[in-house]
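What follows is each chain in one-letter form.
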Amino acid sequence: MRIITWNVNSVRARLDRLLGVLERHEPDAICLQELKMAEEEFPALRLEQAGYHSAIFGQKTYNGVAILSKAPPGNVTRSLEDSADDSQARLIAADVAGVRVISVYVPNGGDVTSEKWSYKLEWLSRLHEYLEAKADPKKPLAVCGDFNITPDDKDVKHPELWAETVLCHREVRGAFDRLIDWGLVDAFRVVHPEGGIYSWWDYRRLGFQKNNGLRIDGILVTKPLAERIQGAFVDRDERKGSKPSDHAPLILDFSD
DNA sequence: ATGGTTGCTTAGCAA
């Protein structure tokens, strides 16, 4: 089973590239983030022609997440399903081929003095509560997405440039560790313990041209799925050429 | 280095 996570930074701007990724990698499931469109605008018909079902949690202009799958998705749920007053579309879950798949777009956090930063920390705490309430560490589960967190300095090309930022701050790394402690494994880390492989390069400061990269995308899996890990890579070529997303797809392979 | 670039929406926000 192949699962991909990719922050497309607008489905509208990236549809041709998305179709290319599906054709090139043939994932069983692909988790998308930053759709930047309402559900009714989502090109579900075009993707169906490419062989994929769509489970969509859209929002006009900002955010938005989806799960595309070859097999029909089951038990689709949207949002963190808690009591918070939250209009941002950042989580969708579905059963795909016996695996509970979740696509998450963790808040970026702006800067550490902003209200966005406290929203990020609260959202991560709510995600932890969501796992406690809705998921089971003993069953196959993959939490896939843009976590807007580098797990470690070895996931940052120039850690000194990013220290104390919202992507590297010890408080979000702590929140990430608490998700892991619930019963998850950073599947990409298992395959590449040495680090030095990145999934996001800032459009600003010509990040890609300088390989000023960070790995803020990931696939976190429960033990029964971790035992099936076969390989992992980032499709760095997808960040090249005309009109790329600022993220590259991160790809995990599991035995069936 | 308080800049830089991209997308959505149309001057400003978010990343």
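Procedures and definitions
- Residues numbered from 1 in each chain as written.
- Chains lettered and ligands numbered in written order.
- Predicted model: local features only at pLDDT ≥ 70, side-chain atom pairs only at ≥ 80, totals over all residues.
- Heavy atoms only, no water.
- Near = heavy atom within 4 Å.
- Polar contact = N/O pair within 3.5 Å; in protein donor to acceptor, adjacent residues only side chain to side chain.
- Nonpolar A, V, L, I, M, F, W, Y, C, P; charged D, E, K, R; others polar.
- Helix = DSSP H or I, 4+ residues; strand = E, 2+ residues; numbered from the N terminus.
- 1 Å grid on protein atoms, 1.4 Å probe; cavity = no way out; pocket = protein on both sides within 12 Å on 5 of 7 lines; lining within 4 Å.
- Points joined across faces, edges and corners; volume = space filled by probe spheres on them.
- Pairing = 2+ DSSP bridges.
- Contact = heavy atoms within 4.5 Å.
- Axes fitted to C-alpha atoms, helices over the stretch in contact; angles between N-to-C directions.
- Expected span 1.5 Å × (residues − 1).
- Buried < 20%, exposed > 50% of the residue type's maximum accessible area, 1.4 Å probe, protein only.

### Concerning the protein's contact with DNA strand B
Here is step 1 of the chain: In the vicinity of DNA strand B there are 17 residues, among which Ser-10, Arg-14, Thr-61, Tyr-203 and Arg-205 approach most closely.
Here is step 2 of the chain: Taken together, the sugar and phosphate atoms account for 68% of what DNA strand B places within 4 Å of the protein.
Here is step 3 of the chain: In the environment of DNA strand B, a phosphate oxygen lies 3.2 Å from a nitrogen or oxygen atom belonging to the side chain of Lys-116.
Here is step 4 of the chain: Contacts to DNA strand B include Tyr-203, whose backbone N or O atom sits 3.2 Å from a sugar or linking oxygen.
Here is step 5 of the chain: Grouping the constituent residues of the surface near DNA strand B by class yields three nonpolar, four polar and ten charged.

### A word on the environment of Asn-9
Here is step 1 of the chain: Within the element layout of this structure, Asn-9 appears in the loop between β1 (2–7) and α1 (11–25).
Here is step 2 of the chain: The sequence separation of Asn-9 and Arg-239 amounts to 230 residues, and the corresponding C-alpha distance is 12 Å.

### Focus on the layout of surface pockets
Here is step 1 of the chain: By volume, the largest pocket amounts to about 740 Å³.
Here is step 2 of the chain: Considering the residues around the largest pocket, the lining is formed by 33 residues, among which Tyr-105, Asn-108, Gly-110, Asn-148 and Arg-204 are closest to the centre.
Here is step 3 of the chain: Contributing elements (two or more residues each) for the lining of the largest pocket: α3 (115–134) and α4 (159–162).
Here is step 4 of the chain: Counting residues per element, the lining of the largest pocket draws most heavily on α3, which supplies three residues.
Here is step 5 of the chain: Counted as a void, the second largest pocket has a volume near 170 Å³.
Here is step 6 of the chain: Lining the second largest pocket are 13 residues, and of these Arg-100, Lys-134, Ala-135, Asp-136 and Leu-141 sit closest to its centre.
Here is step 7 of the chain: Elements with a minimum of two residues in the lining of the second largest pocket: β7 (99–105) and α3.
Here is step 8 of the chain: Counted by class, the lining of the second largest pocket contains six nonpolar, two polar and five charged residues.

### As for the sheet that holds strand β6 (residues 91–96)
Here is step 1 of the chain: In space, the six strands of this open sheet follow the order β5-β6-β7-β8-β12-β9, with mixed pairing throughout. Whereas interior strands pair on both sides, the edge strands pair on one side only; in this sheet they are β5 (74–78) and β9 (185–186).
Here is step 2 of the chain: Note that strand β8 (residues 141–146) and strand β12 (residues 217–221) share five bridges and pair antiparallel. When the bridges of β12 are listed, Cys-144 appears paired with Ile-219.
Here is step 3 of the chain: Relative to the sheet, α3 contacts β5, β6, β7 and β8, its axis offset from that of β7 by approximately 170°.

### Some words on helix α5 (residues 170–183)
Here is step 1 of the chain: For α5, built from 14 residues, the straight-helix expectation of 20 Å at 1.5 Å per residue is met to within 8% by its first-to-last C-alpha distance of 20 Å.
Here is step 2 of the chain: If you check which residues of α5 are buried, you get Val-172, Arg-173, Gly-174, Ala-175, Phe-176, Leu-179 and Trp-182.
Here is step 3 of the chain: Along its buried surface, α5 packs onto α3, β8, β9 and β12.

### A closer look at the pairing of β12
Here is step 1 of the chain: Counting buried positions over the five residues of β12 gives five, a clear majority of the element.
Here is step 2 of the chain: A two-sided burial pattern is seen for β12, the buried positions comprising Asp-217, Ile-219 and Val-221 on one face and Gly-218 and Leu-220 on the other.
Here is step 3 of the chain: Sheet topology places β9 next to β12; two bridges connect them, and they run antiparallel. Across the sheet, residue Asp-186 finds its bridge partner in β12, namely Leu-220.

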